[in-house]
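Residue strings, one per chain:
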Amino acid sequence: MNTIFTQRRHFLACMMVASTATWLGLPAAAGTSPSVEVWKDATCGCCKGWIALLRKAGYPVTAHDSGNLAARAKAGIARQYGSCHTAIVEGYAIEGHVPVREIQRLLKERPDAIGLAVPGMVVGSPGMERGGRVEPYTVLLLHRDGGSSSYAKYRG
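Residues numbered from 1 in each chain as written. Predicted model: local features only at pLDDT ≥ 70, side-chain atom pairs only at ≥ 80, totals over all residues. Heavy atoms only, no water.

K.L.:
Sorry if this is basic, but what is going on with the pairing of strand E5 (residues 115-118) here?
P.N.:
The two faces of the sheet receive side chains in turn, since in a regular strand these alternate between them. Inspection of the sheet shows strand E4 (residues 92-96) paired to E5 by 4 bridges, in the parallel sense. Considered in E5, the bridge of Ala93 is made with Gly115. With respect to chirality, the unit in which E4 leads through helix H4 (residues 100-109) into the neighbouring parallel E5 is left-handed. Relative to strand E6 (residues 137-142), E5 runs antiparallel, the two sharing 3 bridges. Bridged to Ala117 within E6 is Leu140. (Pairing = 2+ DSSP bridges. Helix = DSSP H or I, 4+ residues; strand = E, 2+ residues; numbered from the N terminus. Right-handed = clockwise from strand over helix to strand, strands pointing away.)

Right, here's the structure in full:
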């Protein structure tokens, strides 16, 4: 009888932790976030900063220091949406300094799209922090026909 009580208490504690983590937008447990594969240049510091933010949010990341031109082309991302790194997570392409919360939203909503992009290297976007200066930018949803639409806007 004591074993049943202990198992029940353990189960309830786990459920409380999982629901709190979900409410906070955090992964419920280590290893539950999908892995992210990133292609970047070996010396790019802003790419390393963006990867650090993904890892902090609980995403396991594998980084390839071979540049991202081939990965971008393979993902079907048009040149005008390009940035310094390309990532793949659960079949979606992530181009550039896309905020973690937009990646989480993408994975929750699962639109029929290539993925998300923040073209260029916008000062103040995740990984591009520069002394508190923030430029406005738009996270784009990349459509399979080569077009895009606004997915989220960030003000400076």
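Having put the structure on the table, let's press on.
K.L.:
Whenever I open this one, the sheet that holds strand E7 (residues 148-154) confuses me. Can you help?
P.N.:
The pairing of strands in a sheet happens through backbone hydrogen bonds and is either parallel or antiparallel. The 7 strands lie next to each other as E2-E1-E3-E4-E5-E6-E7, forming an open sheet whose pairing is mixed. Two strands close off the open sheet at either side, each with one partner strand: strand E2 (61-64) and E7. The average angle at which neighbouring strand axes cross in this sheet is 20 degrees, direction not considered. Sitting on the sheet, helix H2 (residues 45-56) is in contact with strand E1 (36-39), E2, strand E3 (86-89) and E4, with an inclination near 165 degrees to E2. Relative to the sheet, H4 contacts E3, E4, E5, E6 and E7, its axis offset from that of E7 by approximately 135 degrees. (Axes fitted to C-alpha atoms, helices over the stretch in contact; angles between N-to-C directions. Contact = heavy atoms within 4.5 Å.)

K.L.:
Before we go on, may I ask you to explain the side chain of Asn68 in this structure?
P.N.:
Topologically, Asn68 is positioned in the loop between E2 and helix H3 (69-75). Of note is the side chain of Asn68, whose polar atom sits 3.0 Å from the side chain of Thr86. In this structure Asn68 touches Trp39, Ser83, Cys84, His85, Thr86 and Glu95, once residues within four positions along its chain are discounted. (Polar contact = N/O pair within 3.5 Å; in protein donor to acceptor, adjacent residues only side chain to side chain.)

K.L.:
Got a minute to help me understand the nonpolar core in this structure?
P.N.:
What tends to happen in soluble globular proteins is that the nonpolar side chains get buried as a cluster. Counting residues in each nonpolar core, the largest one holds 27 residues, and the members touching the most others are Val36, Trp50, Leu54, Ile94, Ile103, Leu116 and Val139. When residues of this core are traced back to their parent elements, those giving at least two are E1, H2, E3, E4, H4, E5, E6 and E7. Broken down by element, this core gets its largest block of residues, 4 residues, from H4. Apart from the residues lying within four places of it in its own chain, the contact partners of Val139 are Val98, Pro99, Glu102, Leu116, Ala117, Val118, Ser149, Ser150, Tyr151, Ala152 and Tyr154. Counting residues in each nonpolar core, the second largest holds 7 residues, with Tyr81, Ile114, Ala117 and Leu142 among its members. (Core = buried A, V, L, I, M, F, W, Y, C linked by side-chain atoms within 4.5 Å. Buried < 20%, exposed > 50% of the residue type's maximum accessible area, 1.4 Å probe, protein only.)

K.L.:
Teacher, can you tell me more about the pattern of salt bridges here?
P.N.:
In a structure, side chains of opposite charge can pair up when their charged atoms sit close to one another. Following the criterion strictly, the structure yields 8 salt bridges and no others. Close ionic contact of Asp112 with Arg144 constitutes a salt bridge, the shortest N to O distance being 2.7 Å. One end of the pair, Asp112, is in the loop between H4 and E5; the other, Arg144, is in the loop between E6 and E7, with 32 residues separating them in the sequence. Judged by relative accessible area, which is 64%, Asp112 ranks as exposed. A cluster of three or more residues bridged by salt bridges with shared partners is formed by Arg101, Glu102, Arg105 and Glu109. (Salt bridge = Lys/Arg side-chain N within 4 Å of Asp/Glu carboxyl O.)

K.L.:
Sorry, what's going on with H4 here?
P.N.:
Owing to its 3.6 residues per turn, the α-helix aligns residues three or four sequence positions apart on the same side. Where H4 is concerned, the buried positions are Val100, Glu102, Ile103, Leu106 and Leu107. For H4, the angular spread of buried residues about the axis comes to 165 degrees, placing them on one side. Opposite its buried face, H4 presents the exposed residues Arg101 and Lys108, each directed more than 90 degrees away. On its buried face, H4 sits against H2, E3, E4, E5, E6 and E7. One or two steps after H4, the chain reaches Arg110, where phi turns positive at roughly 55 degrees. (Arc of directions from axis to C-beta.)

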